[in-house]
Amino acid sequence: MTPRPVGLAAPLRALRPEATDRLDVACARAWDAVDPELLDALRTRAAAVLGHPDGRRIGAADPTVAGCLEFAEQFVIDVSGIADAEREALRGHLGGDAATDVVRALFLVEYALRLELVSTRLFDGPVVAADARPTDRPGDASAALREALAEYQDAVVRGQALDPVLTELVRLRCARTHNCRICQTLRMADARDAGADDALTAAVDRYETSDLDERTKAALRVTDALITMPSSLSPAVAAATRAVLAPDELAELCLDVSKWSTQKVHVALGTDAPDRLPLGAQGVSWFRFDSAGRVAGYSARPDGA
């Protein structure tokens with residue numbers, strides 16, 4: 001089965017060519033690491049839940065495929081609803097390492113669909129899919145998938161269009177919606193340096209009724225649409241967002257939400273406990289990114305001491 005290409009609004013590809021190319025590679029590696037027929041079924045179910053044209057309700061006689069489809073639907077609708085019983089069922093069907101590969105691959109094909117649906121609402125222009133890329137199957141397809149996803153995340157973080165405060169509020173909105181324990185415990189030190197104090201970050205939970213500015217609220221509405229239901233981003237909301245965020249900011253916002261949402265993999269697998277983080281008196285851990293887009297370390301204090 002031929003891997004499904006990633007369709008994105010043309011301006012998103014034009015504004016962030018490196019990151020979108022890395023997304024193409026990561027999605028191609030997903031098809032290398034997981035049985036293509038299974039991944040196609042999972043993508044089709046995800047598309048149906050999200051209202052994407054490729055979606056349709058499909059069943060499966062094979063209990064492994066049926067179990068994976070059930071897991072995938074919960075993953076797309078609300079990953080925080082996945083409990084230990086569902087995780088153990090998935091591992092029982094696939095085995096531990098294979099289950100991890102399936103969850104990573106599911107995340108990638110799901111978020112490619114989400115990005116297509118939201119980017120085409122935010123930008124004018126056609127949907128552009130990358131040319132089918134030759135994929136020499138790597139010797140270790142699982143490692144190649146993991147590395148490609150990490151490289152995509154690094155490329156996203158290297159964007160500079162959004163200020164640190166807005167970036168942090170978007171990150172926290174993702175963390176709290178997905179109920180990721182690690183990400184809710186973390187705080188970006190650069191955002192604190194730029195003015196993101198506790199009162200400001202707390203406002204993300206009730207942003208519509210808060211005194212956050214309209215630019216921030218617009219960004220959080222797009223965030224909500226991307227991580228919940230893309231169809232909730234109405235033409236009016238999209239137009240209002242374009243009025244307060246520049247095209248490069250919109251592009252970075254879309255990709256940032258996808259990067260922060262990789263936390264869904266940890267939530268789904270139950271590996272999101274913050275037990276190894278150094279925590280300060282308020283129960284948070286501080287971090288920064290280096291110039292390559294990688295976390296430079298964690299600290300119990302915002303100054304890194």
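Up top is the structure.
Per chain, residue numbering runs from 1 following the sequence as it is written. Per-residue local features of the predicted model are confined to residues with pLDDT of at least 70, and side-chain atom pairs are confined, for both listing and counting, to 80 or more; whole-chain, interface and lining totals are unaffected and use all residues. Note that the side-chain values use all heavy atoms of the structure and ignore hydrogens as well as water.

**Brief notes about the layout of surface pockets**
Empty space left among the atoms is revealed by rolling a probe the size of a water molecule over them.
Turning to step 1, where the next piece is worked out: Here a cavity denotes grid points, spaced 1 Å and computed from the protein atoms alone, that fit a 1.4 Å probe unable to get out, and a pocket denotes an open set having protein on both sides within 12 Å along at least 5 of 7 lines; residues with an atom within 4 Å of a point are the lining. Grid points are joined across faces, edges and corners, and a volume is the space filled by probe spheres set on the points. By volume, the largest pocket is sized at about 970 Å³.
Turning to step 2, where the next piece is worked out: Every residue lining the largest pocket is counted, 32 residues in all, and those nearest its centre are Q153, K259, T262, H266 and Y298.
Turning to step 3, where the next piece is worked out: Strands here are runs of E lasting at least two residues and helices are runs of H or I lasting at least four, both read from the DSSP assignment and numbered beginning at the N terminus. Mapped by element, the contributors of at least two residues to the lining of the largest pocket are helix 6 (96–122), helix 7 (141–157), helix 9 (181–185), helix 14 (247–260), helix 15 (263–269), strand 4 (285–289) and strand 5 (295–299).
Turning to step 4, where the next piece is worked out: Among the elements that make up the lining of the largest pocket, the one with the highest residue count is helix 7 (5 residues).
Turning to step 5, where the next piece is worked out: Class assignment for the residues of the lining of the largest pocket results in 16 nonpolar, 7 polar and 9 charged. Each residue is assigned to one class: nonpolar for Ala, Val, Leu, Ile, Met, Phe, Trp, Tyr, Cys and Pro, charged for Asp, Glu, Lys and Arg, and polar for all the others, Gly among them.

**Section: the environment of T228**
Turning to step 1, where the next piece is worked out: The topology assignment puts T228 in the loop between helix 12 (214–227) and helix 13 (235–244).
Turning to step 2, where the next piece is worked out: Relative accessible area decides the class of each residue, using a 1.4 Å probe on protein chains only: under 20% of the type maximum gives buried, over 50% gives exposed, and in between gives partly exposed. Its relative accessible area of 37% is what places T228 among the partly exposed residues.
Turning to step 3, where the next piece is worked out: In this structure, the C-alpha to C-alpha distance between T228 and L50, residues 178 residues apart in sequence, is 8.7 Å.
Turning to step 4, where the next piece is worked out: In this description, contact between two residues means that some pair of their heavy atoms is separated by no more than 4.5 Å. The residues touching T228, leaving out its near neighbours within four places in the chain, are L50, R114 and T177.
Turning to step 5, where the next piece is worked out: Distance and chemistry together define a polar contact, namely a pair of N or O atoms within 3.5 Å, with one atom able to donate a hydrogen and the other to accept it when in protein, and with adjacent residues in sequence counting only for side-chain atoms on both sides. A distance of 2.4 Å separates a polar side-chain atom of T228 from the backbone oxygen of D224.

**Things to note about the nonpolar core**
Turning to step 1, where the next piece is worked out: Judged by nonpolar contacts, the single largest core of 87 residues is most densely connected at F75, L108 and L122.
Turning to step 2, where the next piece is worked out: In terms of residue count, the dominant contributor to this core is helix 6 (13 residues).
Turning to step 3, where the next piece is worked out: Contacts of L122, omitting those with residues within four sequence positions, involve V222, L233, A238, T241, R242, L250 and C254.
Turning to step 4, where the next piece is worked out: Residues belong to a common nonpolar core when they are buried Ala, Val, Leu, Ile, Met, Phe, Trp, Tyr or Cys residues joined through side-chain atoms within 4.5 Å. One finds A46, V49, V76 and L113 within the second-largest nonpolar core, a separate group that totals 7 residues.

**Some points on the pattern of salt bridges**
Turning to step 1, where the next piece is worked out: Only one rule defines a salt bridge in this text: a Lys or Arg side-chain nitrogen within 4 Å of an Asp or Glu carboxyl oxygen. One pass over the structure, following the stated rule, counts 27 salt bridges.
Turning to step 2, where the next piece is worked out: Ionic pairing is found between D84 and R87, a salt bridge with its closest N-O pair at 2.7 Å. Taken as a pair, D84 and R87 lie in helix 5 (residues 84–94) at a separation of 3 residues, close to a single helical turn.
Turning to step 3, where the next piece is worked out: Residue D84 is classed as exposed on the basis of its relative accessible area, which comes to 54%.
Turning to step 4, where the next piece is worked out: Judged by relative accessible area, R87 falls into the buried class, the value being 12%.
Turning to step 5, where the next piece is worked out: When the shortest N-O distance is used, the salt bridge between E88 and R91 registers 3.2 Å. Of the two residues, E88 and R91 both sit in helix 5, 3 residues apart, roughly one turn of that helix.

**Observations concerning helix 2 (residues 17–33)**
Turning to step 1, where the next piece is worked out: Multiply 1.5 Å by the residue count of a helix minus one, and that product is the helix's expected span. With 17 residues, helix 2 extends 24 Å between its outermost C-alpha atoms, agreeing within 8% with the 24 Å of an ideal straight helix rising 1.5 Å per residue.
Turning to step 2, where the next piece is worked out: By the burial criterion, the buried members of helix 2 are A19, T20, L23, D24, A26, C27, A28, A30, W31, D32 and A33.
Turning to step 3, where the next piece is worked out: Contact partners of the buried residues in helix 2: strand 1 (7–9), helix 1 (10–15), helix 3 (36–50), helix 6, helix 7 and helix 14.

**Considerations on unusual backbone geometry**
Of all residues except glycine, most have a negative phi; of all peptide bonds, most are trans.
Turning to step 1, where the next piece is worked out: Although it is not a glycine, N179 sits at a positive phi angle of roughly 55 degrees.
Turning to step 2, where the next piece is worked out: Within the element layout of this structure, N179 appears in the loop between helix 8 (164–178) and helix 9.
Turning to step 3, where the next piece is worked out: Owing to a relative accessible area of 41%, N179 belongs among the partly exposed residues under this scheme.

**Concerning the packing of aromatic side chains**
Turning to step 1, where the next piece is worked out: For Phe, Tyr and Trp, rings pair up if their centres lie within 6.5 Å, where Trp contributes its six-membered ring, and each pair is then called stacked (planes under 30 degrees apart), edge-to-face (over 60) or tilted (otherwise). Tallied over the full model, the rule gives 4 aromatic pairs.
Turning to step 2, where the next piece is worked out: Both rings, one in W260 and one in F289, keep their centres 6.1 Å apart while their planes meet at 35 degrees; by these two values the pair is tilted. Within this pair, whereas W260 is found in helix 14, its partner F289 is found in strand 4, the two being separated by 29 residues in sequence. With respect to class, W260 is no different from F289; both count as buried.

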